[in-house]
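# Fold and contact review
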Amino acid sequence: MEWAIGIGLGGLAGLHISTWGFYKDAPFEGYSLLRFLRSTFIGILMAVPAMMYSGLDLTNPAHMAVFWGLVYVLERALVEYWKTFLRTQDQSKYFIPMQFHVGGEVVHDPRKRVLIAIAYLVGVGAVVFGVVRASQAGLGSQLWAILLIGSAGGWVSAFGGAWKDAPLEGFELLKFFRSPGLAAGFALLMSQYTDSLALITFAALGYCIATTETYKTFFFPSKPRGKFAGKDVLFPEVEQWRWRLVPVYVAIWIIVIAINIAAFV
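First, a word on what this report is: a plain description of the structure on this page. Every value quoted in this text rests on a predicted model; they were computed, and no experiment measured them. The numbering scheme is per chain: residues are counted from 1 as the chain's sequence reads. Local features in this predicted model are restricted to residues whose pLDDT is 70 or higher, and side-chain atom pairs enter the listing and the counts only when it is 80 or higher, whereas totals over whole chains, interfaces and linings include all residues. The basis for every side-chain value is the complete set of heavy atoms in the structure, and neither hydrogens nor water enter the calculation.

Next up on the list: the overall build of the chain. Where helices and strands are cited, they refer to DSSP runs of H or I of at least four residues and of E of at least two residues respectively, numbered from the N terminus. Per the secondary structure count, the chain includes 10 helices and 2 strands. The atom set for the radius of gyration is the C-alpha atoms, and the globule formula is 2.2 Å times the number of residues raised to the power 0.38. Taking 18 Å as the expected radius of gyration for a compact globule of 265 residues, we find that the chain reaches 18 Å, a close match to that expectation. Dimensions of the chain, computed from C-alpha atoms along their principal axes, come out at roughly 50 × 40 × 30 Å. Taking all 265 residues of the chain together, the buried fraction comes to 47%. In the chain, of all internal contacts separated by at least 6 residues, the share reaching a separation of at least 24 is 78%. Of the roughly 13400 Å² that the chain leaves accessible, carbon and sulfur atoms contribute 70%. Neither His nor the chain termini are counted; the positive set is Lys and Arg, and the negative set is Asp and Glu. In plain terms, the charge of a residue is placed at NZ if it is Lys, CZ if Arg, CG if Asp and CD if Glu. Charged side chains in the chain number 21 positive and 17 negative. The centres of these two groups are separated by 3 Å. Exposure is judged per residue with a 1.4 Å probe applied to protein chains only, and the accessible area is read against the type maximum: over 50% gives exposed, under 20% gives buried, and values in between give partly exposed. Throughout, a contact is declared for two residues whenever any of their heavy atoms are within 4.5 Å. The Shrake-Rupley method, run with a 1.4 Å probe sphere, supplies the accessible areas, and residue values consider only the shown protein chains as cover.

The following block contains the structure:
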């Protein structure tokens, strides 16, 4: 039963990502079923280690809520790392390159990219290690730790986004603090479900990303993502039928919200 629930939640997290990703990108990049389902498959894949090592009881709605956020952030971390450091792709279709770049200039030298990829992985690994050690020290019950350490993923996202986007689209103070603020808020929510500071931190970032992408995608549907700013829509027919995916997206949010409500009952 737990495995079925875990795979189902992993699929829902991945499908959530697939939906907003397709909605925003397909008019510029085109579409295929395999591309659409990529994040769904990866979400299911990430659910396996999450079930094996998180220690969460997936028959408990509170732990189900944490698990969804955890799988969400694992999928995002894996895909974004691959896009930034490992994938080689023509970047001319983007306003903001998706591969690692400095001030808009893509680093093409494979040796440099590997070294930077390793350094980035070490840096993020150090943050994860610090969060895990803080969790092992029992800080998951301390409000200051929940708000401060629980927002760590949001700060990583904020600094990473500023490094990637600000040189090309300008620095926005409110945008910079948005992710840490949301992550801290969701960390407080996740702390009602578990006293593991590590799970609180990672799940909070998952919810933070899900919320931010929902806002950017569906509250401003006519505004292209920053990476496509100023680029022509190459597949305008997508804009005529992509709305059909919205009910699926809303249904996933309803399920996730219902799980969170059940966690309090």
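Now that the structure has been shown, we can carry on.
To continue, consider the nonpolar core. Working definition of a nonpolar core: buried Ala, Val, Leu, Ile, Met, Phe, Trp, Tyr and Cys residues. They are joined through side-chain atoms within 4.5 Å. One finds Phe 67, Trp 68 and Tyr 72 to be the most contacted residues of the largest nonpolar core, which totals 47 residues. For this core, the secondary structure elements donating two or more residues are α1 (2-29), α2 (33-54), α3 (61-86), α7 (173-190), α8 (197-218) and α10 (246-264). It is α3 that provides the largest number of residues to this core, a total of 11 residues. Excluding residues that lie within four positions of it along the chain, Tyr 72 makes contacts with Ala 13, His 16, Ile 17, Trp 20, Gly 206, Ile 209 and Ala 210. Residues Val 131, Ala 145, Ile 149 and Leu 197 belong to the second largest nonpolar core, which totals 6 residues.

Attention now moves to the packing of aromatic side chains. Any Phe, Tyr or Trp ring, taking Trp's six-membered ring, that has another such ring centre within 6.5 Å forms a pair; planes under 30 degrees apart are called stacked, those over 60 apart edge-to-face, and the others tilted. Taken as a whole, this structure holds 17 aromatic pairs when the rule is applied. When the ring of Trp 68 is compared with that of Trp 253, the centres are 5.9 Å apart and the planes differ by 50°; the resulting orientation is tilted. Placement of the pair is Trp 68 in helix α3 and Trp 253 in helix α10, with a sequence separation of 185 residues. Judged by its relative accessible area of 17%, Trp 253 falls in the buried class. Between Phe 218 and Tyr 249, the ring centres sit 4.6 Å apart and the planes meet at 40°, which makes this aromatic pair tilted. On the criterion of sequence distance, the pair formed by Phe 218 in helix α8 and Tyr 249 in helix α10 is long-range, its members being 31 residues apart.

What follows covers the pattern of salt bridges. Just to be clear on terms, a salt bridge is a Lys or Arg side-chain nitrogen sitting within 4 Å of an Asp or Glu carboxyl oxygen. The tally for this structure, following the rule as stated, stands at 5 salt bridges. Residues Arg 111 and Asp 109 are paired through a salt bridge, measuring 3.7 Å at the closest nitrogen-oxygen approach. The salt bridge involving Glu 213 is made with Lys 216; its shortest N-O contact spans 3.6 Å. Taken together, the positions of Glu 213 and Lys 216, both in helix α8 and 3 residues apart, correspond to about one turn of that helix. One connected set of salt bridges, linked through shared partners, spans Lys 24, Glu 213 and Lys 216.

You can see Phe 95 is positioned in the loop between α3 and β1 (101-102). Separated by 64 residues in sequence, Phe 95 and Tyr 31 have C-alpha atoms that sit 19 Å apart.

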